[in-house]
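Inside the fold
In case you want the letters, here they are:
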Amino acid sequence: MSEVDSRYVWQDREIRFDLPFEQLKPRKGEVEIDSINAVEDTKGNNGVRGALSVTNLRIIWVAHDEPGTNLSIGWSCVMHTSVKDAASRLRGHTQGLYVMTRFNSSRFEFIFTSLVKGSPRLFTTAQNVFLAYSTTKLYRDLKLRGAIIKDRQLLLLPDEAVFNKVDGVMNLSSDQGNLGTYFITNVRLVWHANLAENFNVSIPYMQIKAVKVRDSKFGPALVIETSPRSGGYILGFRIDPYERLTEVYKEIQRLHEVYSAEPIFGVQFKAESKPKPFESIKVERKEDDVQIVDTEDHFDTLAAYYASGSGKVDRPPVFSPELGLAVEQLPDNISIEQLWSVST
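Residues numbered from 1 in each chain as written. Predicted model: local features only at pLDDT ≥ 70, side-chain atom pairs only at ≥ 80, totals over all residues. Heavy atoms only, no water.

**With respect to the pattern of salt bridges**
Filter applied, for reference: The salt bridge definition used is simple: a Lys or Arg side-chain nitrogen within 4 Å of an Asp or Glu carboxyl oxygen. To qualify as a helix, a DSSP run of H or I must reach at least 4 residues; to qualify as a strand, a run of E must reach at least 2; elements of each kind are numbered from the N terminus. Classification of residues uses two cut-offs on accessible area relative to the type maximum, computed with a 1.4 Å probe and protein chains only: under 20% is buried, over 50% is exposed, and between them is partly exposed.
The full count for this structure, using the stated rule, is twelve salt bridges. We note a salt bridge from Glu14 to Arg229, for which the minimum N-O separation is 3.2 Å. With Glu14 in the segment before strand 1 (15-17) and Arg229 in the loop between strand 17 (219-226) and strand 18 (234-238), the pair connects residues that are 215 residues apart, well separated along the chain. Given the relative accessible area of 10%, Glu14 is considered buried.

The structure is reproduced here in C-alpha cells:
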C-alpha cells in the first residue's frame, strides 16, 4: 500500500542564520503572535536596528537596513530565557532579553534589546510564548508511557477531538503482543494496553513519516513509521478482521492529510499589549461646528463700562430688581442684561 509523506517542520526545531526571504515567511499552521519594530540583536549585531517577530514556532529577527542579515530561533532549541543587564550601542546600559539555546552539538546565546524606552513587550511576550510552547509538547512530540489515559479514556488536549475509538488492537512490540485500545484524534494517534493504562504511546501526526499495511509474523499489520527526530520508531498494530484494518488505515491517511494542510501545533497565546496599526486608529480630521454670535456688541458694552471709569472710582450702591441685590450703580447707557451677556 501507499506511503504518507509528512511535510518536514524545521521552524521550531532548528536555528538558522541569514535565511532567504521565503524561509522567513510563516509556514502552514505558524501564527505571528507579536512583532516589535525596534529591537537590537545586541550579541551578534550590536548597533544594528531590526524587527523582531514572535510566532508559535520561533523567534525571527531581521535587520532593517540589510534584510539578508537575520535569525530564526526555533522554540524547541531554547533552553531558558532571562532578563539581565546588557551593553547596547544604541541604548547604552539597559535591560536585555537573554535567550540560551542548544542546536545539535552547539550552544548559542542571543541577547535582544528593545530600543523603545520603558516597553516590556519584548520580555513578556517572548517568555510567555516559550512557556506556552514548553507545556504543549504532546501536540508535537512522540510520548511513551505518559499520563494520558484515565479510566480507559483519553485525556484530551485543548482543541483535540476523538474521531474514532478502536477496541481490540494488538501492539506487536513484543513476541506475544499486547491487546489494547486505539484512539484516533485530529492531532495524534494514541494506543494503550487494556491491562496497564501506563503502557501507552502518543504519536502526533507531525511526527509520522509513513503509514503502511504490510505482512508480519502475526499476519497483516498496520505499521506507523515515525520521523528520525522522534526516534525513527517502527510501530506495528494488528487489527482484525482485515476489512477493519483497511478502514482504520484509510482513516488515518485522511486525517494525516488534513493535519498536513492545517497543522495544529498547540501553542495558544495572545499578546494583550500589541499596539494597533496606525491606519486603524487614525481619526479623520473634521472642522469644528462653532458659531460666534454678537461679538461686536459684547466688546462695545465692555469697552463702554471701562471707559466710564468703573473699577477706579466706587459708585454708590443701588437696588437691582433684576437680581434682587444691591449693586454698584451702572452708567446710564449700560444695563444689567448687557453685562450679563458679556460674562456668559
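Picking up after the structure, the text goes on.
**Digging into the packing of aromatic side chains**
To keep it simple, the criterion reads: By convention, a stacked pair of Phe, Tyr or Trp rings (six-membered ring in the case of Trp) has centres within 6.5 Å and planes under 30 degrees apart, an edge-to-face pair has planes over 60 apart, and any other such pair is tilted. Only when the NZ atom of a Lys or the CZ atom of an Arg is both within 6 Å of the ring centre and within 35 degrees of the ring normal do we say a charge sits over the ring.
If you walk through the whole model with that rule in mind, you get nine aromatic pairs. Consider the rings of Phe110 and Phe112, whose centres lie 6.4 Å apart with planes at 5 degrees: the pair is stacked. By relative accessible area, Phe112 is classed as buried at 0%. Connected via pairs of aromatic rings, a cluster forms that spans Phe17, Phe108, Phe110 and Phe112. Above the ring of Tyr98, the side-chain terminus of Lys84 is found at 4.5 Å from the ring centroid. Over the ring of Tyr133 we find Arg140, and its NZ or CZ is 3.7 Å from the ring centre.

**Overview of the nonpolar core**
As a reminder of what qualifies: Among the buried residues, those of types Ala, Val, Leu, Ile, Met, Phe, Trp, Tyr and Cys that are joined through side-chain atoms within 4.5 Å form a nonpolar core. Between two residues, a contact is recorded if the distance between any of their heavy atoms is within 4.5 Å.
Of all hydrophobic cores here, the largest spans 29 residues; its most connected members are Tyr182, Ile184, Leu189, Leu222, Ile224 and Ile252. Sort the elements by how many residues they give to this core and helix 3 (residues 242-261) lands first, with six residues. Setting aside its immediate chain neighbours within four residues, Tyr182 contacts Asn164, Lys165, Val166, Val169, Leu189, Val190, Trp191, Leu222, Ile224, Phe237 and Ile252.

**Considering the sheet that holds strand 1**
Put simply, the rule is: We treat two strands as partners when DSSP finds at least two bridges between them. For helices, the fitted line uses only the C-alpha atoms of the stretch in contact; every axis is such a line through C-alpha atoms, and the angle between N-to-C directions lies from 0 to 180 degrees.
As summarised here, the arrangement of the eight strands in space is 1-5-4-3-2-8-7-6, forming an open sheet in which the pairing is antiparallel. The sheet terminates laterally at strand 1 and strand 6 (78-88), the two strands that pair on one side only. Each adjacent strand pair in this sheet contributes to an overall mean axis angle of 30 degrees, direction not counted. Relative to strand 8 (residues 106-114), strand 7 (residues 92-103) runs antiparallel, the two sharing seven bridges.

**Describing helix 3**
Which entries qualify depends on this criterion: A helix is expected to span 1.5 Å for every residue after the first.
Helix length check: helix 3 (20 residues) gives 29 Å between terminal C-alpha atoms against 28 Å at 1.5 Å per residue, within 8%. Inspection of helix 3 places Leu245, Thr246, Val248, Tyr249, Glu251, Ile252, Gln253, Leu255, His256, Tyr259 and Ser260 among the buried residues, and these make up the whole buried set. At its buried positions, helix 3 is contacted by strand 12 (162-171), strand 13 (178-185), strand 14 (188-193), strand 16 (208-216) and strand 17.

**Brief notes about the sheet that holds strand 17**
Spatial ordering of the open sheet is given by 9-15-14-13-12-18-17-16, a layout of eight strands whose pairing is antiparallel. In this open sheet, the two edge strands, each paired with only one partner strand, are strand 9 (143-144) and strand 16. By the bridge criterion, eight bridges tie strand 16 to strand 17 in an arrangement that is antiparallel. Of the residues in strand 17, the one forming a bridge with Val213 is Leu222.

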